[in-house]
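Here is what each chain is made of, one letter per residue.
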Amino acid sequence: MSRPGEQMAAVQPAPAHPDVGAPTALAIEISNLKKGFGLKPVLRNVQLMLSRGQRMALLGANGAGKTTLLRILTGLSKAGSGTVRVYGLDSHYELQEIRRLVGFVAHQPYLYEELTVLENLLFFGKLYGVTHVRERATVLLQRVGMERRANDRIRALSRGQVQRVAWARALLHEPRLLLLDEPDTGLDQHGNDLVESLLAEHTERGGSMLFTTHNLERAIAWSDQIVILAGGRVTYQHESATLSLEELQRRYREVTR
Ligand SMILES: Nc1ncnc2c1ncn2[C@@H]1O[C@H](COP(=O)(O)OP(=O)(O)OP(=O)(O)O)[C@@H](O)[C@H]1O
């Protein structure tokens, strides 16, 4: 596991709901984003907008740059060039404020293996300045079905159980924007039902989300907009409500060829 605190360690204690964000209707605004590793360009020129309260599925072949894009949005990775705004905040200058608005669920859980479930939540809750953090942690552990494991160390849990705790960690500060990297992998049917209901609650509260998946059916079911990343650019975008699975499969094959 990589350093669990790498996303959060730089976050200073602050009110859980800071009144920040320029007056914009956009949750995400990305222009001319470029990012490479060494000589290899991964994101060549990404343009992407997500309105507040909307849900977007980010599709693309293995290695297309989906995780890289999410990591830039969370501040875990820096943009090469271009502009990235979250709720009107510039990722270059206002990363601390952005981190307080964003909840990230990734392949890595970003939890301390040697701490217990509850200790992890208390630690991250305090980092985010969550008020009544113990009560909030208890409610969330019940919500994700892990209240009986509160005093177990993370390393003693199964992968799916760790993923549930990672969800509780990501939701502690009631983020306005959820960034989810393949939230549908590694979970059993109950886990998937749980994720669906957590996402529905987040949307009902007016939250926004961007998630990656390789499951085209789920992409349509869980989103308002579908985006496909290929060749370092957004090559396809469509409203989910008016898109059939067959059409998406056809377009996906076309643009990721
Ligand atoms: N830290 C890094 N150093 C070097 N190359 C990297 C690094 N992170 C990602 N890459 C490269 O960037 C490219 C995009 O990777 P990324 O993980 O963003 O793809 P992805 O679309 O999320 O793929 P998948 O669907 O397989 O999860 C890949 O070729 C990967 O090898």
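Look a little higher up for the structure.
Residue positions within a chain follow its written sequence, with the count starting from 1. Note on the predicted model: pLDDT of at least 70 is required for a residue's local features to be given, and 80 or more for side-chain atom pairs to be given and counted; whole-chain, interface and lining totals, by contrast, use all residues. As a convention, hydrogens and water are excluded, and side-chain values are obtained from all of the structure's heavy atoms.

Undergrad: Where do I start with the environment of Leu122 in this structure?
TA: Comment: elements are numbered from the N terminus, with helices defined as DSSP H or I runs of at least four residues and strands as E runs of at least two. Its location among the elements puts Leu122 in helix 3 (residues 117-127). The cut-offs for exposure are 20% and 50% of the maximum accessible area for each residue type, with area from a 1.4 Å probe on protein chains only; residues under the lower value are buried, those over the upper are exposed, and the others partly exposed. Residue classification places Leu122 among the buried positions, given a relative accessible area of 13%. Sequence separation between Leu122 and Val133 is 11 residues, and the spatial gap between their C-alpha atoms is 6.3 Å. Leaving out residues up to four positions away in the same chain, Leu122 has contacts with Val133 and Arg134. Should any heavy atoms of two residues lie within 4.5 Å, those residues are considered in contact.

Undergrad: Just to check I follow, could you spell out the pairing of strand 2 (residues 40-51) for this structure?
TA: Regular strands place side chains that alternate from one sheet face to the opposite one. At least two bridges found by DSSP between two strands is the condition for calling them paired. In terms of strand pairing, strand 1 (residues 26-37) meets strand 2 through 8 bridges, oriented antiparallel. Pairing of Ile30 across the sheet is with Leu48, part of strand 2. With antiparallel pairing between neighbouring strands as the criterion, strand 1 and strand 2 make up a hairpin whose turn holds 2 residues, including Gly38 at a positive phi of roughly 60 degrees.

Undergrad: Hey, could you run me through the pattern of salt bridges in this one?
TA: Note on pairing: side chains with opposite charge can pair once their charged atoms come close. Any Lys or Arg side-chain nitrogen located within 4 Å of an Asp or Glu carboxyl oxygen qualifies as a salt bridge. Inspection of every chain in the model, using the stated rule, returns 9 salt bridges. For Asp152, the salt bridge is made with Arg149, and the minimal N-O distance between the two is 2.4 Å. Owing to a relative accessible area of 26%, Asp152 belongs among the partly exposed residues under this scheme. Where Asp188 meets Arg164, a salt bridge forms, and the shortest distance between an N and an O atom there is 3.7 Å. Taken together, the residues Asp188 in the loop between strand 7 (177-181) and helix 6 (189-204) and Arg164 in helix 5 (residues 159-171) connect sequence positions 24 residues apart.

Undergrad: Teacher, can you tell me more about the packing of aromatic side chains here?
TA: The geometry of two aromatic rings is summed up by the distance between their centres and the angle between their planes. Pairing of aromatic rings covers Phe, Tyr and Trp, the last counted by its six-membered ring, and requires centre-to-centre distances within 6.5 Å; plane angles under 30 degrees mean stacked, over 60 mean edge-to-face, and any other angle means tilted. All told, the structure shown has 5 aromatic pairs when counted by the stated rule. Seen from the ring of Tyr87, Arg176 lies directly overhead, with NZ or CZ sitting 5.5 Å from the centre. The lysine or arginine in question, Arg218, covers the ring of Trp222, its NZ or CZ lying 5.7 Å from the ring centre. Put simply, a charge is over a ring when the Lys NZ or the Arg CZ is close to the ring centre, within 6 Å, and near the line of the ring normal, within 35 degrees.

Undergrad: Help me out: how do you make sense of the nonpolar core in this one?
TA: In plain words, nonpolar cores are sets of buried Ala, Val, Leu, Ile, Met, Phe, Trp, Tyr and Cys residues tied together by side-chain atoms within 4.5 Å. Of all hydrophobic cores here, the largest spans 48 residues; its most connected members are Trp167 and Leu248. Every residue in contact with Trp167, bar those within four places of it in the chain, is listed here: Val105, Val144, Leu178, Leu180, Pro183, Val195, Leu198 and Leu199. Residues Met56, Leu70, Leu76 and Val227 belong to the second largest nonpolar core, which totals 31 residues.

Undergrad: When you look at the site of the ligand in this model, what are you seeing that I'm missing?
TA: Near is defined per residue: the residue qualifies when any heavy atom it owns lies within 4 Å of the molecule or strand. Lys40, Gly63, Lys66, Thr67 and Thr68 are the nearest of the 13 residues found near the ligand. Contact distances for the ligand include 2.6 Å between an oxygen atom and a side-chain N or O atom of Lys40. Polar contact is the term for a pair of N or O atoms within 3.5 Å; when the atoms are in protein, one must be able to donate a hydrogen and the other to accept it, and sequence-neighboring residues count only if both atoms are side-chain atoms. One nitrogen or oxygen atom from the main chain of Ala64 is found 3.1 Å from an oxygen atom belonging to the ligand. The fraction of the free accessible surface of the ligand (640 Å²) that becomes covered by protein chains is 60%. At the level of secondary structure, the elements contributing two or more residues to the shell around the ligand comprise strand 2 and helix 1 (66-74). With 3 residues, the top contributor of residues to the shell around the ligand is helix 1. The residue makeup of the shell around the ligand, split by class, is 4 nonpolar, 6 polar and 3 charged. To be clear on the numbers: accessible area is Shrake-Rupley with a 1.4 Å probe, and residue cover counts the displayed protein chains and nothing else. When residues are sorted by character, Ala, Val, Leu, Ile, Met, Phe, Trp, Tyr, Cys and Pro go into the nonpolar class, Asp, Glu, Lys and Arg into the charged class, and all the rest, Gly among them, into the polar class.

Undergrad: Just checking my understanding: could you explain the sheet that holds strand 1 for this structure?
TA: Note on sheets: strands pair through backbone hydrogen bonds, and any given pair is parallel or antiparallel. Pairing is antiparallel across the open sheet formed by 4 strands, whose spatial order is 2-1-4-5. Every other strand in the sheet has two partners, leaving strand 2 and strand 5 (89-90) as the edge strands with one partner each. Bridging between strand 1 and strand 4 (residues 81-86) involves 5 bridges; their strand directions are antiparallel. The residue bridging Ser31 from the neighbouring strand is Thr83, located in strand 4. An axis is simply a line fitted to the C-alpha atoms; with a helix, the fit covers only the stretch in contact. Between two such axes, the angle follows the N-to-C directions and lies from 0 to 180 degrees. Contacting strand 1, strand 2 and strand 4, helix 1 runs over the sheet at an angle of about 120 degrees to strand 1.

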